[in-house]
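One letter stands for each residue in the lines below.
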Amino acid sequence: MEEDQEKYLEDARKVVKEQAYFMRASLEKAQLKDALRYSSAMLSELKTSLLSPRNYYILFMQVFDEMRILENYFKEEYRRGRKMPDLYESVQHATYVIPRLYLLITVGSVFIQTHEIGAKVILLDLLECIKAIQHPLRGLFIRYYFLKLCKDRLPDTGSEYEGTGGNIDDAIEIIIRNLSEMNKLWIRMQGSKDKSKRERERLDLKVTIGENVTRLSNLEGVSLDTYKTKVLPKIIDIITSSKDPISQTYLMDCTIQAFPDEYHLQTLQELLKVCTTQLEPTVDIKNIFINLMGRLADFALNNDMGTFNSEVDIYSMFKQNIDKMLDSNSQIEFKNLLDLQVAFLNFTLRCYPSNSEYVNDILKSCCRLCERQNETDFTEECQKNIVKFLAMPLDTMSLSILTMNEYPNLMKHLPFQKRRQVAIKICQAVINLNQVIDDLKITGELLKFIQPLLITQNDYVEIPENEFEEEQQLVARTVHLVQNADLAIHNTILQQFIARFQQGEINRQKYTYPAAIFALFRLLQLIATQGGPQTQETSYNLLFEQIRGLIDVLQGHFPELALKLNLNFLLCINTVDQAKEFDEFSYDIGTQVITIFQDEIGDSNVKVVLLNQIMSTFAKLNCISGENFDTLAGNATQQAAKLLKKNEQAIGVMNAAHMFFNENIKNAQRVQECFKKAIKIANQSIGNNPKFVYVFIQILNKYFYFFEQVEFKEAEIQEVIKIINEKLPKALQDNDEQSKKIKILWTATQELVKERKRRSIQAYQQINI
Amino acid sequence: MADEYDEEFGELGLVIGDFNIPSRASELPPQFKDLLVPNKVQYVFCTGNVGNRETTDWLKTLSGNTHLVKGDFDESKDIPETKIIQIGSWKLALVHGHQIVPAGDNESLYTFLKEMEADVLITGYTGVAKVSTVEKKYILNPGSVTGGFNGQQKSIPSFLILEFKKEKIQVFIYTLDGDVKIDKQELLLQK
């Protein structure tokens, strides 16, 4: 079949080409009669029944181009004095009706340009004549030819043909008649036996119909009023009387596309009424609505929103009509109605950005819709739409959206995975908008909605690890948005979060507890800034105990994390408790740190770094009394002495000195003890390994750190320098990585002493390096 | 001759760190988020403790040369503890700082800098922005870009921008205390 089509088209095109050639040749020799004969033959190819609609179109366009040449010749003839009526008459001698009519239209178009006779007279005459062609395909195209040739010869307002040639009403009338006829023929097209193929073939030709509508919209004389009173009613008439869904859909789309949005705004009621009540049930009304809403939203946003709102209540019009569709017993699928609701919500959010009442109303409609359905109706597509529905308002509206009571009603129709998606979107919206969470009621609702993330619900489904981490981190981030100038409320809100976190399991608490803990730290500092706790619930005691409890839970599975959190806890207490009121409590926390370090940290490398952090933190503390602190720091020092490697032990004990000598404490004796111990440990190892001299150099530098504040025996230091000088040559012998390190540090140390000597710092004058 | 070169526009580096998202903060302050967009700087030096993969990925979009070191709350095993970066005549060392005792102490940090044979040490951990000169070397701390808990009474969000010239670095200190404030300091290369 397909190859046959190709052959038929090829053959026809060949004939057209041939006859066109002869026609042109005749025209050059001014032999009009011959030219007409050849053009007739050419036009006869359009009588064919063999071609598919698309191929007929191709042939038509080829003929159309050739007819331009003839048209031009007719114009020339007129200028040379040929009488138009004569020409008009002579072309009617063509034997066959198709060529005759094509020629008539061509002459007619030129005739109109002469102004010898009114445009409307000729146009109406032509319309009458072409009625003769009732074959759907051929009739369609001859009317298309008519449109193309005559579209610039219409008696439009302000055109050269206005006046005796007619007026805008006539122009409208002519196009409407053409459109109506073309539509009827289009609907009657037979084409293939296969229904869907037939539909496709029809759609291939839709632009021929559409051009009528476009031409209407281009008429100068079609003002808003004319459109409203004359044009639109007629188009609607054509649409509704046809009862063909393809035609109805296409013509609605054309009309919406062709005419300006201002016009649609003013005729919206009419348009919507037609869509909802007068179209065939199989027409996809939702797409028309969505198309309209999209255009009007764009229009509203690009123009004065005031006019948009004041002149016509767009929202209500759409709402009424959409609700009508929802409530009617029409066969519109659930899925389509949901699509429509989502599009309507999107439209409303764009055009009425802060109107939560509208959103709630749409929510209510959607709920009503969902209530009527069976469980099985909620397909994947429908679920996706409900998720969209719940998430969209959050991008533009505040968290108050969550207090709308219809919200949870929609959630319950979703399975776990989808509820989780909504929860994630809610968190993301809240975080991206930097929303402040300061209201108890809203917090309650928020926590309800993100429940899929907080606890393991009944229909829980396993999630890949990286996705789980991401979702929990979202939850953790949300906690930090809690804020209220009234710290009692601030606390209550935080407590609501923590209560939920406690119901999650340890895999969630790994993320949520640290966030809660740091949020509590911040709260504590705010309380301190305000002069201390104002209510019982915000007492230091209560909050401290709570934090301790949370860290304890983490300790079981994540001892290292718990240790670091405890260190930060100490720093927090340090900023809050200037008066050492919670001395015992802080001491307990410090002891807990040492216990975790000792009993639960296995990796020796990790221990070294952690111990440094412990000592750094202890060195900052001012919230622990003298005796307690001495015990604590002593314990830390002992831990240093128990590290795995000798060099780590020596350095650790050396670093411990900082705990005893800093801003808060100046215990020179302890410092001296640390150094003595460090040297002792170092001495135990230097014998076997000359490279151990590195440790000695580090210790020497530390001596110089305390040099001007703590008194050391000169001999002690010189002893260290002596050992260094002894072991250095051997240590540097093989020039490897370690040797290089030693050399660099030693050079730096010597420079340091030289510089300080140069600055005449007393203590250094005696140092021989 | 050197002056002629110094007049030219130099390469820019962003010094940033201690985000601690999500444990201590939800996001960067919006005023900073607006400033930190891709292709404005040639280098990013991050002191560590970013806190999550999404923010780390975002950080890497800011420039083609992102250098990141491990903070005390970074769990990934792939991140190095220290890094050395050479830019023109400047040798930079990058370390989070929780490894050093006492934390944030200039003299101890200086010893570390000397061991790295660097001209500039970039370090974090304290959550307080600071530009220090010790002997002929420089220690830069961008503070915490989110202003998360840092063990001090108050935590102010901050970061640094470095403009590299041949013998000079222009430091811009961005802090957020109500409004965004920018302080300037000049570092001269001394060997």
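Residues numbered from 1 in each chain as written. Chains lettered and ligands numbered in written order. Predicted model: local features only at pLDDT ≥ 70, side-chain atom pairs only at ≥ 80, totals over all residues. Heavy atoms only, no water.

Below, the discussion takes up the packing of aromatic side chains. Residues and elements named next belong to chain A. Taken as a whole, this structure holds 52 aromatic pairs over all chains when the rule is applied. Geometrically, the ring pair formed by Phe 569 and Phe 585 is edge-to-face, given 5.8 Å between the ring centres and 80° between the ring planes. With Phe 569 in helix 29 (residues 559-576) and Phe 585 in helix 30 (residues 583-600), the pair connects residues that are 16 residues apart, well separated along the chain. Phe 585 carries the same exposure label as Phe 569, and that label is buried. (Phe/Tyr/Trp six-rings, centres within 6.5 Å; stacked < 30°, edge-to-face > 60°. Helix = DSSP H or I, 4+ residues; strand = E, 2+ residues; numbered from the N terminus. Buried < 20%, exposed > 50% of the residue type's maximum accessible area, 1.4 Å probe, protein only.)

Turning to the UniProt feature "domain: Calcineurin-like phosphoesterase" (unreviewed entry) in chain B, a few remarks are in order. According to UniProt, the "domain: Calcineurin-like phosphoesterase" (unreviewed entry) feature falls on residues 24-166 of chain B. Split by type, residues 24-166 of chain B is 17% helix and 30% strand. Its first and last C-alpha atoms lie 38 Å apart. (UniProt positions renumbered as here; feature names shortened; annotations may be inferred.)

What follows is about the interface of chain A and chain B. Residue-level contacts link 41 residues of chain A with 34 residues of chain B. Taking both partners together, chain A and chain B bury about 3300 Å²; carbon and sulfur atoms supply 51% of that area. The interface formed by chain A and chain B holds 6 salt bridges in total. B:Glu135 is the salt-bridge partner of A:Arg759, the closest N and O atoms lying 2.8 Å from each other. If you look at where chain A meets chain B, you find 20 residue pairs in polar contact (both at pLDDT 80 or more). Contributing elements (two or more residues each) for the side of chain A that touches chain B: helix 25 (465-479), helix 27 (506-529), helix 29, helix 31 (604-618), helix 33 (646-660), helix 35 (693-706) and helix 37 (737-758) of chain A. Per element, the largest residue contribution to the side of chain A that touches chain B is 7 residues, and it comes from helix 37 of chain A. Grouping the constituent residues of the side of chain A that touches chain B by class yields 17 nonpolar, 13 polar and 11 charged. (Contact = heavy atoms within 4.5 Å. Buried area = accessible area lost by both parts, 1.4 Å probe. Salt bridge = Lys/Arg side-chain N within 4 Å of Asp/Glu carboxyl O. Polar contact = N/O pair within 3.5 Å; in protein donor to acceptor, adjacent residues only side chain to side chain. Nonpolar A, V, L, I, M, F, W, Y, C, P; charged D, E, K, R; others polar.)

Residue and element names in this part refer to chain A. One way to put it is that helix 18 (residues 334-351) packs onto helix 20 (residues 380-396) with a least axis distance of 9 Å and a crossing angle of 10°. Considering their axes alone, helix 18 and helix 20 lie roughly parallel with respect to each other. Together, Phe 334, Lys 335, Leu 338, Asp 339, Gln 341, Val 342, Leu 345, Asn 346 and Leu 349 of helix 18 and Glu 381, Cys 382, Asn 385, Ile 386, Lys 388, Phe 389, Met 392, Pro 393 and Thr 396 of helix 20 make up the contact between the two elements. By residue class, the composition of the contact of helix 18 with helix 20 is 10 nonpolar, 4 polar and 4 charged. (Axes fitted to C-alpha atoms, helices over the stretch in contact; angles between N-to-C directions. Parallel < 35°, antiparallel > 145°, perpendicular 65-115°, else oblique.)

Time to look at the state of the cysteines. All names here are of chain A. Per the counting criterion, the structure on display carries 0 disulfides over all chains. Unpaired in terms of disulfides, Cys 129 finds its nearest cysteine sulfur in Cys 150, a separation of 12 Å. Taking the relative accessible area as the measure of exposure, Cys 129 reaches 25% and is therefore partly exposed. The thiol of Cys 623 is not disulfide-bonded; the next cysteine sulfur, from Cys 572, is found 9.8 Å away. (Disulfide = S-S within 2.5 Å.)

The subject of this paragraph is the sheet that holds strand 9 (residues 158-164) of chain B. All names here are of chain B. Pairing within the open sheet is mixed, and its 6 strands lie in the order 3-2-1-9-10-11. Each edge of the open sheet carries a strand with a single partner, namely strand 3 (65-68) and strand 11 (179-188). Pairwise comparison of adjacent strand axes, ignoring direction, gives a mean angle of 20° for this sheet. Sitting on the sheet, helix 3 (residues 53-61) touches strand 1 (11-16), strand 2 (43-46) and strand 3, and the angle it makes with strand 3 is about 140°. (Pairing = 2+ DSSP bridges.)

Here we take up the environment of A:Tyr587. All names here are of chain A. As for its placement among the helices and strands, Tyr 587 is situated in helix 30. A residue is classified by how much of its surface remains accessible, and Tyr 587, at 18% relative accessible area, is buried. Put simply, Tyr 587 and Ser 625 are 38 residues apart on the chain and 8.6 Å apart in space, counted from C-alpha to C-alpha. Setting aside chain neighbours within four positions, we find Tyr 587 in contact with Ile 624, Asn 628, Thr 631 and Leu 632.

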